[in-house]
Number of protein chains: 4
Amino acid sequence: MTTEMRKFTRVDFTYHHSIPTRWNDNDMLGHLNNVVYYRLFETIVVKFLAEEIKLDWKSAIENVQAVESLCRFHKALSYPDLIDAALRVAKIGNSSVVFELALFGPEDVMASATGHVVEVFVDTASGKSTSMGDHRREIFEKFTLPS
Amino acid sequence: MTTEMRKFTRVDFTYHHSIPTRWNDNDMLGHLNNVVYYRLFETIVVKFLAEEIKLDWKSAIENVQAVESLCRFHKALSYPDLIDAALRVAKIGNSSVVFELALFGPEDVMASATGHVVEVFVDTASGKSTSMGDHRREIFEKFTLPS
Amino acid sequence: MTTEMRKFTRVDFTYHHSIPTRWNDNDMLGHLNNVVYYRLFETIVVKFLAEEIKLDWKSAIENVQAVESLCRFHKALSYPDLIDAALRVAKIGNSSVVFELALFGPEDVMASATGHVVEVFVDTASGKSTSMGDHRREIFEKFTLPS
Amino acid sequence: MTTEMRKFTRVDFTYHHSIPTRWNDNDMLGHLNNVVYYRLFETIVVKFLAEEIKLDWKSAIENVQAVESLCRFHKALSYPDLIDAALRVAKIGNSSVVFELALFGPEDVMASATGHVVEVFVDTASGKSTSMGDHRREIFEKFTLPS
């Protein structure tokens, strides 16, 4: 679903979060380690869920679980870049939501990395997916791209 | 490409590497953090490239870069599980190779996580992709599944 | 307290745990990142507390907290070294225990790193230190060095 | 050397760096993992050395190596705290420098963690310690506390 995302720019996303890199985010090859890109994805998704959806990570009733993630590495990012992490809501299901994500370095017009994370609301007791509810759906809809 | 991978079992893979988890691989939710799955993917891919392909990570002439990775999270893994990381070569291009990957917990018949990593051989001087050569292709072929 | 520890060898410790390194444990300088040494200390201390002291990390009644740690870096360790992490109990208080620790690379006669971690048993409800009890003290004593 | 550091406040330090925490900096116990404190120490020390000392991490001539670090954990820090990392130069040798460090959460009057890192300038070719030179000494002196 993210095939053509690289050509998208910052305005193609509806939510942004600035994330400073840390020296050790670089690996032996002198650039941000590939795994760290997923750490940055996690950082913006968690922030979005906490601030916009008011998700309570310590809730005993429900939680949110990633069922799939993907990243395409277009251009190397490196410490000490300040990363502009960008998110948009691409698809809203009954219990699931797909975030499309991008990472921009300070000088980037086009994204250096793009990807997605699929999250599912889960009932903690049963371990099964559970409806996200209308209120959350409405919030997610505000962060989709206008068609 | 990994849509139906979950039903595959250990014998569907051609290369295995046992990876002990560390206490802090778990996150606040009490299970292996999603990002750590990519660390385990990296661990087996690096080991495979070093041992089978004899890749020299300090080579000044060429290097190998991930251009895409994906993971599907089917069932939670947790410390102190000893993980059976599993790999097979799914596709061999002129300069690229696709590894399909799976992670099994100690009791798992089916994979708890599946995914892939696409790696490209790159000429360090030009930064462009470069042919992997026949010798490496032959080694990669040994780790494909017989059809 | 660890001033002269470097000259100690493997037999100066009473508990050992083999820890494989991961590629990304190395940092940009090509050796194990200094912070990773503390990850290895954590790994052996957690294992010791789980296996010997039968500590339940999910207990609602008590937990164990580090109040101080230190590491001296004598010689660089690097991926893919298999690390021999070594521990001995140096001091046992009413609620606290001091572990002296060392890390040996495959060829090391003397430790490449030495240090200590001070852990305190804490009552979860009050947040205050709590007696470890005679049974645990006896176990800890088995891992001190004979004088 | 840091025995009494906890009672020190932000004004007892000469260099500060704000570091956002990441969700996964917390561990299973719900607070910043002890190892992460050293990551924050690394972050401020690296920044200080780059910005004030103009250290070139890719220099082929010399590098800076940590020979010892210590941290005392006074009070738990947690995501999503914005950490005020604080540093002062405590001791300047011919080739070595001792940084005393502290971490403050948003509401902290006194430091939640204190510690130190000892760094040594090393000649890359010989692997031996090398004089830091007068120019660097003068810079370090500007970040000591007035007596």
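Draft legend 1. Molecular detail of the overall build of chain A. Looking only at helices and strands, one finds two helices and five strands in chain A. For 147 residues, the compact-globule estimate of 2.2 N^0.38 gives 15 Å, and the C-alpha radius of gyration of chain A, at 16 Å, lies within 12% of that figure. Here the C-alpha coordinates of chain A stretch approximately 45 × 35 × 25 Å along the principal axes. Going through the 147 residues of chain A one by one, you find that 40% of them count as buried. A separation threshold of at least 6 residues defines the contact pool for chain A, and within that pool the share at least 24 residues apart is 72%.

Draft legend 2. Focus on the confidence of the model for chain A. For chain A, the average pLDDT comes to 93, and 96% of its residues sit at 70 or higher. ipTM for the predicted complex: 0.94, alongside a pTM of 0.95.

Draft legend 3. The arrangement of the interface of chain A and chain B in detail. Each side of the interface is counted separately: chain A has 17 residues, and chain B has 17 residues. Listed by contribution, the elements that provide at least two residues to the side of chain A that touches chain B are helix 1 (34-51) and strand 2 (62-73) of chain A. Top element by residues in the side of chain A that touches chain B is strand 2 of chain A. It accounts for nine residues. Considering only residue class, the side of chain A that touches chain B consists of ten nonpolar, three polar and four charged. Bridge count between strand 2 of chain A and strand 2 (residues 62-73) of chain B: five bridges; the pairing is antiparallel. Bridge pairing in strand 2 of chain B places Ser-69 of chain A opposite Cys-71 of chain B.

Draft legend 4. Examining the relation of the copies chain A and chain B more closely. Superposing chain A onto chain B requires a rotation of 180° together with a translation of 0.0 Å along the rotation axis, leaving an RMSD of 0.0 Å. Here the transformation between the copies is reduced to the relation of a two-fold axis. Among all residues of chain A, the minimum C-alpha distance to the rotation axis is found for Leu-70 of chain A, at 2.1 Å. In this assembly, 100% of the residues forming the interface of chain A have copies in chain B that are likewise at the interface, indicating an isologous arrangement.

Draft legend 5. Local environment of the packing of helix 1 of chain A against helix 1 (residues 34-51) of chain B. Between helix 1 of chain A and helix 1 of chain B, the shortest axis-to-axis distance is 9 Å and the interhelical angle comes to 170°. Taken together, the axes of helix 1 of chain A and helix 1 of chain B are roughly antiparallel relative to one another. On helix 1 of chain B, the residues touching Asn-34, Val-35, Tyr-38, Arg-39 and Glu-42 of chain A of helix 1 of chain A are Asn-34, Val-35, Tyr-38, Arg-39 and Glu-42 of chain B. The class makeup of the residues in the contact of helix 1 of chain A with helix 1 of chain B is four nonpolar, two polar and four charged.

Draft legend 6. Representation of the sheet that holds strand 5 (residues 113-123) of chain D in the model. The sheet built from ten strands is open, its strands ordered 1(C)-3(C)-4(C)-5(C)-2(C)-2(D)-5(D)-4(D)-3(D)-1(D) with antiparallel pairing. A single partner strand is all that each edge strand has here, and the edge strands are strand 1 (15-20) of chain C together with strand 1 (15-20) of chain D. For this sheet the average axis-to-axis angle between neighbouring strands, irrespective of direction, equals 25°.

Draft legend 7. Spotlight on the interface of chain D and chain B. On the chain B side, the residues contacting the seven residues of chain D number seven residues. Of the residues that constitute the side of chain D that touches chain B, the class distribution is two nonpolar, four polar and one charged.

Draft legend 8. Expanded view of the relation of the copies chain D and chain B. When chain D is fitted onto chain B, the two copies agree to an RMSD of 0.0 Å after a turn of 180° and an axial shift of 0.0 Å. Taken together, the interface assignments show that 100% of the residues at the interface of chain D recur at the interface of chain B, consistent with an identical surface on both copies.

Draft legend 9. A look at the pairing of strand 5 (residues 113-123) of chain C. All names here are of chain C. In terms of burial, strand 5 is a largely internal element, nine of the eleven residues being buried. As paired elements, strand 2 (residues 62-73) and strand 5 share eleven bridges and run antiparallel to each other. Paired with Arg-72 across the bridge in strand 5 is Thr-114. By the bridge criterion, eight bridges tie strand 4 (residues 96-104) to strand 5 in an arrangement that is antiparallel. Across the sheet, the residue bridging to Phe-99 is Val-117, located in strand 5.

So, how was this worked out
Residues numbered from 1 in each chain as written. Chains lettered and ligands numbered in written order. Predicted model: local features only at pLDDT ≥ 70, side-chain atom pairs only at ≥ 80, totals over all residues. Helix = DSSP H or I, 4+ residues; strand = E, 2+ residues; numbered from the N terminus. Rg over C-alpha atoms; globule rule 2.2 N^0.38 Å. Buried ≥ 20, exposed ≤ 12 C-beta atoms within 10 Å, placed from the backbone. Contact = placed C-beta atoms within 7 Å. pLDDT = per-residue confidence, 0-100. Nonpolar A, V, L, I, M, F, W, Y, C, P; charged D, E, K, R; others polar. Pairing = 2+ DSSP bridges. Least-squares fit on C-alpha atoms with pLDDT ≥ 70 in both. Axes fitted to C-alpha atoms, helices over the stretch in contact; angles between N-to-C directions. Parallel < 35°, antiparallel > 145°, perpendicular 65-115°, else oblique.

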